[in-house]
Amino acid sequence: MTADDLTEIEAQIITFLCDWHHDDKASLHQLIGIVSYILKTTVNIGDDLLLAEKRHGHEQMCPSNQKKESYTVNVSSYLKRTAEIQPYKRAVVYPAGRDNYGRVAYSHLTFLQLDRESDCLAHGLEKAGINRGIRTILMVKPSLEFFIIIFALFKTGAVPVIVDPGMGIRRMVDCFKEGRPYAFIGIPAAHVLRTLYPKFFNTVSTWITVGRRWIWKGFTLNQIRQVPWKPYAAAKTHRDDTAAILFTTGSTGPAKGVVYTHENFDAQLRHIKSHLGISADEIDLSTFPLFALFWPALGITSVIPDMDPTKPARVNPKKIIEAILNQGVTSMFASPALLNRVGKYGKQKGIKLPSLKRVISAGAPVSASVIEQFASMLCKDAEIHTPYGATEAVPVISISSNEILSETRRLSKQGYGICIGRPINDLEIRIIKISDDPINKWSNDLVVEDCEIGEITVKGDLVTRQYFERPSADALAKIKDDDTVWHRMGDLGWIDSKGRIWFCGRKSHRVTTKNRILFTIPCEAIFNNHSKVFRSALVGIGSPPDQKPVICIELEHGKKEYKKKKIKKELFELAQQNELTKSIKTILFHNSFPVDIRHNSKIFREKLAVWAEKKLN
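Residues numbered from 1 in each chain as written. Predicted model: local features only at pLDDT ≥ 70, side-chain atom pairs only at ≥ 80, totals over all residues. Heavy atoms only, no water.

Overview of the sheet that holds strand β27 (residues 586–589)
Piece 1. Read across the sheet, three strands follow the order β25-β26-β27 without closing on themselves; strand pairing throughout is mixed. Strand pairing shows two members of the sheet lacking a second neighbour, β25 (533–541) and β27, which therefore form its edges. Within the sheet, the average angular offset between the axes of one strand and its neighbour, ignoring direction, is 25°.
Piece 2. Pairing analysis gives four bridges linking strand β26 (residues 548–555) to β27, with the strands arranged parallel. Paired with Cys 552 across the bridge in β27 is Leu 588.
Piece 3. Set on the sheet, helix α17 (residues 520–528) makes contact with β25, β26 and β27; between it and β25 the angle comes to about 140°.
Piece 4. Set on the sheet, helix α18 (residues 564–576) makes contact with β25, β26 and β27; between it and β27 the angle comes to about 140°. (Pairing = 2+ DSSP bridges. Helix = DSSP H or I, 4+ residues; strand = E, 2+ residues; numbered from the N terminus. Axes fitted to C-alpha atoms, helices over the stretch in contact; angles between N-to-C directions. Contact = heavy atoms within 4.5 Å.)

Structure (structure tokens):
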């Protein structure tokens, strides 16, 4: 290994850790020194490794001997079917680079290519010991290889373990350790991460590098890929077999591994296609990698944008608009932060997106102003959908921009909450009494009256049934109902006379005083009506039922110094005019709320509550 090789590794480490840990480069030099020492004192390992054909010892995620053959389902079958019907249609399009004139050069895979490439890899994965039931960490950036790998894993019946890197490195590796994986597939920078945190990966015995392997053990993707192509018979997984483990972001608590079965994925595909009226001739721009997996399975072309999916709030709007116009994109998934950034730029520049007829925005509440701003770029018949759900059950409720802008927006400003719409298809939604305790068995006595605020629960075929080895979390989130379960969303809301659900905030964020319970979203809406308020957050000081309600205010940025004394007086006047906020007697100004990295809109109210208590004391 040469000195140039080491320099290149160090550069990759710095870039990787800054991107994934969101820290400044200077603070990482100590870590770089440690890794440099490891690299310089490690003997170079040759590339001529033999493939390990032994099977890993592992438990089956579900007792398949109790299932009938007629119930076999494998989500990779959707890809196989599309490859037979439309073999030469583009499945995935990727921006590979730019030419001398700055124009984007795109690479792509047709459905036939994607199916065959994933077959070739599935053969290799199986010989390397990654087969049915093997939990496999996947740390690969959005790319053609990402799609090949994920479908190859589904074909073998392996179980991808996927964690959102936006949660930060330490929390991410904690999730990987909890998932007890047997295999690891990742880009070189991801393998650097596992050398920094080796104890978090001590259950892994098969390592695969996507790209160039440096000094660590294992195979490369090229080494295990089996050519020439020959068909791969997908594992006959059953509907209750585990298909993947997806970790929640853990924004209001510890991240948990959500167990997705093949039936869950199958149901998601059917509900999304039916609810959105998506046809196979559409082209989608997916700015969130996991959501992008739906489209090839539905025969829809998926365009990968030129962006860092972990930082949507910093996306270059020109590149997003460029991809839409270049590829004739008809449908687009975008987080609220990305929608706001692109919409703001597009409205300022007077840009129109004539091909785009559908926008899906989820992951955090989307304000009406952000929707209206982005809608200025769309044609008259195009709509923005804001589906509601969680990692455990998504999508379950939805509403479109027309209804928001014409009706519910006005009511939200008055403290009704945020209208998230009506249940999707045949999914069942019930509002139950607020409780922080486990509920062992479903009873209709749990359900509150219409217009009463309670906890949102959902039942249906796309609802996941359990967390990975978290029985205590299962007890708090799942309610048994014969052979099905209701999932408690952990969100509060109510149902109006039109059957629409209104979101009122997280259950854990409610403020319980001696006289009443205050809910975050309705109360904050009153203060957000002030022209100089960027956002507000209700927190409780002390313990229920004797909490003191405090409203934290973040003012609009980029303007001259505000006269906070005058603004506070005006805010108190607003509060006194509404029954919801009359009891709030404390207002604190905060320069910049702590928010999630990915969406830049989920407020960490727990952190604000600690800050507010210190401020008052």
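Considering the pairing of strand β22 (residues 501–506)
Along a regular strand, successive side chains alternate from one face of the sheet to the other.
Piece 1. Taken across its six residues, β22 has five buried, putting it largely inside the fold.
Piece 2. Note: strand β21 (residues 484–495) against β22, five bridges, orientation antiparallel. Directly across from Gly 493, in β22, lies its bridge partner Phe 503.
Piece 3. As consecutive antiparallel partners, β21 and β22 are separated by five residues, and within that stretch Gly 499 has a phi angle of approximately 80°, a positive value. (Buried < 20%, exposed > 50% of the residue type's maximum accessible area, 1.4 Å probe, protein only.)

A short note on the packing of helix α3 (residues 76–85) against helix α5 (residues 144–156)
Piece 1. Close contact between α3 and α5 brings their axes to 9 Å; oriented N to C, the two are set at 110°. The orientation of α3 relative to α5 falls into the category roughly perpendicular. In this structure, α3 uses Ser 76, Leu 79 and Lys 80 to contact α5, whose residues at the interface are Phe 151, Phe 154 and Lys 155.
Piece 2. By residue class, the composition of the contact of α3 with α5 is three nonpolar, one polar and two charged. (Parallel < 35°, antiparallel > 145°, perpendicular 65-115°, else oblique. Nonpolar A, V, L, I, M, F, W, Y, C, P; charged D, E, K, R; others polar.)

Considering the pattern of salt bridges
Piece 1. Overall, the coordinates contain 34 salt bridges when judged by the stated rule.
Piece 2. With a closest N to O distance of 3.1 Å, Glu 407 and Arg 500 form a salt bridge. Pair noted here: Glu 407 is in helix α15 (residues 401–413) and Arg 500 is in the loop between β21 and β22, with a separation of 93 residues, a long-range link.
Piece 3. Classification of Glu 407 by relative accessible area gives partly exposed; the value is 22%. (Salt bridge = Lys/Arg side-chain N within 4 Å of Asp/Glu carboxyl O.)

Things to note about the environment of His 108
Piece 1. Here His 108 lies in strand β2 (residues 104–110).
Piece 2. Separated by 196 residues in the primary sequence, His 108 and Ile 304 place their C-alpha atoms 9.9 Å from one another.
Piece 3. Those residues in contact with His 108, other than ones at most four positions away along the chain, are Arg 90, Val 92, Val 93, Gln 113 and Leu 144.

Quick look at the nonpolar core
Piece 1. Within the largest apolar cluster, 74 residues are counted, with the highest numbers of intra-cluster contacts made by Leu 114, Leu 125, Ile 130, Phe 147, Ile 149, Ile 185 and Phe 201.
Piece 2. Considering every element that reaches this core, the biggest residue donor is α5, with 10 residues.
Piece 3. Setting aside its immediate chain neighbours within four residues, Ile 149 contacts Leu 121, Leu 138, Val 140, Ile 185, Val 210 and Leu 221.
Piece 4. Core analysis: the second largest hydrophobic core is formed by 39 residues, Val 315, Val 370, Met 377 and Trp 494 among them. (Core = buried A, V, L, I, M, F, W, Y, C linked by side-chain atoms within 4.5 Å.)

Digging into the sheet that holds strand β11 (residues 301–303)
Piece 1. What the seven strands build is an open sheet, ordered β2-β1-β11-β10-β12-β13-β14; its pairing is mixed. The open sheet has two edge strands, β2 and β14 (383–385), and neither has a second partner. Strand-to-strand twist across the sheet, computed as the mean angle between neighbouring axes with direction ignored, equals 25°.
Piece 2. Packed on one face of the sheet, helix α13 (residues 336–349) meets β12 (331–334), β13 (358–361) and β14 and runs near 115° to β12.

Re the pairing of β25
Piece 1. Counting buried positions along β25 yields eight of nine residues, so the element is predominantly enclosed.
Piece 2. Relative to β26, β25 runs antiparallel, the two sharing eight bridges. Residue pairing across strands places Arg 535 opposite Glu 554, the latter belonging to β26.

Details of the packing of aromatic side chains
Piece 1. For the structure shown, the criterion picks out 14 aromatic pairs.
Piece 2. A ring pair is formed by Phe 146 and Phe 147, whose centres lie 5.7 Å apart and whose planes are at 90°; its orientation type is edge-to-face.
Piece 3. Overall, the relative accessible area of 6% leaves Phe 146 in the buried class.
Piece 4. Looking at Phe 147, the relative accessible area reads 2%, which means it is buried. (Phe/Tyr/Trp six-rings, centres within 6.5 Å; stacked < 30°, edge-to-face > 60°.)

A look at helix α9 (residues 262–276)
Piece 1. Taking 1.5 Å as the rise per residue, α9 with 15 residues should run 21 Å; its terminal C-alpha atoms sit 21 Å apart, in good agreement.
Piece 2. Looking at α9, one finds that the buried residues are His 262, Asn 264, Phe 265, Asp 266, Ala 267, Gln 268, Leu 269, His 271, Ile 272 and Leu 276.
Piece 3. At the C-terminal side of α9, Gly 277 shows a positive phi close to 65°. (Expected span 1.5 Å × (residues − 1).)

Some words on unusual backbone geometry
Piece 1. In this structure, Pro 228 follows Val 227 across a cis peptide bond, with omega equal to 0°.
Piece 2. Structurally, Pro 228 can be placed in the loop between α8 (221–224) and β8 (242–247).
Piece 3. In this model, Pro 544 is joined to Pro 545 through a cis peptide bond whose omega is 5°.
Piece 4. Tracing the backbone shows Pro 545 in the loop between β25 and β26.
Piece 5. Positive phi outside glycine occurs at Asp 482, with the angle close to 55°.
Piece 6. By secondary structure assignment, the location of Asp 482 is in the loop between β20 (478–481) and β21.
Piece 7. By relative accessible area, which is 74% here, Asp 482 ends up exposed.

Quick word on α18
Piece 1. Compared with an ideal rise of 1.5 Å per residue, which puts 13 residues at 18 Å, α18 spans 18 Å between its outermost C-alpha atoms and is within 8% of the ideal.
Piece 2. Inspection of α18 places Ile 567, Leu 571 and Ala 575 among the buried residues, and these make up the whole buried set. Around the axis of α18, the buried residues are gathered within 80° of arc, so they sit on the same side. Opposite its buried face, α18 presents the exposed residues Lys 565 and Lys 569, each directed more than 90 degrees away.
Piece 3. Residues of α18 that are buried sit in contact with α17, β25, β26 and β27. (Arc of directions from axis to C-beta.)

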